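Now for the letters of each chain:
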Amino acid sequence: MAGEVSLTTEQIAEIVREGVAQATSSTSVTDIVSAGSAFALVVLTAVLARYTWVLAKEARKTRESQTRPNVIVTAVHDENRPTIIQLVIRNIGHGLATNVTFETSRPLFIAYGLGEETGKEAKPIDRGPFTTGIPALGPGESRIISWGQPGGLLKMLGSSTITITCKYEFEGQLMPPNVCHVDIESFMGIVADDSIELRAVKALETIAKAKSKGA
């Protein structure tokens, strides 16, 4: 028939093969895109899950730090007796510390004397919290021990430092110990004036004595 196009069997087969190939190619691209999208979604979900877990962990740590006890030992001047050095055990945390005990790198002594030439004999601390522990220490609570005077303590310790390890429990669980360091060398040469309250008391005593003499 005039105007008709005659296709051989080989040509028809080639056209079919090209069509199948194109269809297969299109399907492969779609599958790849879908698989890529799914993989990206999985990765994003994993990242978000990890981020959420980290935030939850940090929030839990913050809550625990705000409710746990924290027992420390420091050496300070007695505000009412400036020549006296005190050892202060204090719970600076926000929870109740129980079964508080202490380990020291060397025995603790009480030593008095303003100068190193003092003839006063040092005495061991054989009673109190450092030897018997503390059954319970609430938030902000403390135990204060008179350690002695700079001269006597310096004669005994020199420039060395005593390490005191504080061990305690919280809600029946043993907490990580706190390692504290106390010394006497750092107190040498510093100003330790009387507190305002003590100066006021001394002033009143002086006035009272003056009045009693004039009477």
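Please read these numbers as outputs of a predicted model, since none were measured by experiment.

What counts and what doesn't
- Residues numbered from 1 in each chain as written.
- Predicted model: local features only at pLDDT ≥ 70, side-chain atom pairs only at ≥ 80, totals over all residues.
- Heavy atoms only, no water.
- Helix = DSSP H or I, 4+ residues; strand = E, 2+ residues; numbered from the N terminus.
- Contact = heavy atoms within 4.5 Å.
- Buried < 20%, exposed > 50% of the residue type's maximum accessible area, 1.4 Å probe, protein only.
- Core = buried A, V, L, I, M, F, W, Y, C linked by side-chain atoms within 4.5 Å.
- Pairing = 2+ DSSP bridges.
- Axes fitted to C-alpha atoms, helices over the stretch in contact; angles between N-to-C directions.
- Patch = residues over 30% accessible without salt bridge, like charges linked within 9 Å, V, L, I, M, F, W, Y side chains within 5 Å.
- Areas by Shrake-Rupley, 256 points an atom, 1.4 Å probe, with all protein chains shown as cover.
- Salt bridge = Lys/Arg side-chain N within 4 Å of Asp/Glu carboxyl O.

Enquirer: What's the story with the overall build of the protein chain in this structure? I'm lost.
Expert: When helices and strands are counted, the protein chain shows four helices and 10 strands. Start at the N end of the protein chain and walk to the C end: the helices and strands fall as α-β-β-β-β-β-α-β-β-α-β-β-β-α. Contacts spanning at least 24 positions in sequence make up 70% of the contacts within the protein chain whose residues lie at least 6 apart.

Enquirer: Help me understand unusual backbone geometry in this model?
Expert: Residues apart from glycine generally show negative phi values, whereas peptide bonds are mostly found in trans. Its identity as a non-glycine residue notwithstanding, N99 has a phi of 50°, on the positive side. Take N99: it is sitting in strand β3 (residues 97–104). You can call N99 partly exposed: its relative accessible area is 44%. Positive phi is not limited to glycine here, since E171 has a value of about 55°. Counting through the fold element by element, E171 comes out in the loop between β8 (162–170) and β9 (173–174). A relative accessible area of 69% places E171 in the exposed class.

Enquirer: What should I look at first to understand the side chain of T165 in this one?
Expert: Take T165: it is sitting in strand β8. Among all residues touching T165, those that are not within four sequence positions of it are T101, F102, E103, P177, N178 and V179.

Enquirer: Is there a simple way to think about helix α3 (residues 150–157) in this case?
Expert: What sets the pattern is the α-helix's 3.6 residues per turn: residues three or four places apart point alike. Most of α3 is tucked away: six of the eight residues are buried. Buried within α3 are the following residues: P150, G151, G152, L153, L154 and L157. Of the surrounding elements, those touching the buried residues of α3 are β2 (85–91), β4 (109–110), β7 (142–148) and β8. Directly after α3, the chain includes G158, whose backbone phi takes a positive value near 65°.

Enquirer: What exactly am I supposed to notice about the nonpolar core here?
Expert: Soluble globular proteins: nonpolar side chains tend toward being buried together. Membership of the largest hydrophobic core comes to 30 residues, with the highest contact counts inside it found for V73, I89, F102, F130 and W147. Of all the secondary structure elements, the ones that give two or more residues to this core are β1 (71–77), β2, β3, β6 (134–137), β7, α3, β8 and β10 (178–182). Here this core gets five residues from one element, more than from any other, and that element is β8.

Enquirer: It is not clear to me how the environment of A111 should be interpreted in this structure. Could you clarify?
Expert: With respect to the helices, strands and loops of the structure, A111 is situated in the loop between β4 and β5 (123–124). A111 sits in the buried class, given a relative accessible area of 3%. It is 8.4 Å that separates the C-alpha atoms of A111 and P150, two residues lying 39 residues apart in sequence. For A111, the residues in contact, after removing those within four places along its chain, are A122, W147, G148, Q149, G152 and L153.

Enquirer: Honestly, the sheet that holds β1 in this entry has me stumped. Any pointers?
Expert: Backbone-to-backbone hydrogen bonds join strands into a sheet, with any given pair of strands oriented parallel or antiparallel. On the basis of which strands lie adjacent, the open sheet formed by three strands has the order β1-β2-β7 and antiparallel pairing. Edge positions in the open sheet fall to β1 and β7, since each of these has one partner strand only. When the angles between neighbouring strand axes are averaged without regard to direction, this sheet yields 20°. Pairing between β2 and β7: six bridges, direction antiparallel. Residue pairing across strands places Q86 opposite S146, the latter belonging to β7. α3 rests against β2 and β7 of the sheet, and its axis sits at about 80° to β7.

Enquirer: How do you make sense of a nonpolar patch on the surface when you look at a structure like this?
Expert: On the surface, F39, V43 and V47 cluster together into a nonpolar patch covering about 300 Å² of accessible area. Structurally, V47 can be placed in helix α1 (residues 9–67).

Enquirer: Hey, could you run me through the pattern of salt bridges in this one?
Expert: Working definition: two side chains of opposite charge can pair if their charged atoms are close together. For the structure shown, the criterion picks out two salt bridges. The partner of D78 in a salt bridge is R81, and the shortest N-O contact between them spans 2.7 Å. Using a relative accessible area of 8% as the deciding quantity, one classes D78 as buried. K167 is the partner of E103 in a salt bridge, and the nearest nitrogen-oxygen pair spans 2.9 Å. Taken as a pair, E103 in strand β3 and K167 in strand β8 lie far apart in primary sequence, 64 residues in all. A relative accessible area of 44% places E103 in the partly exposed class.

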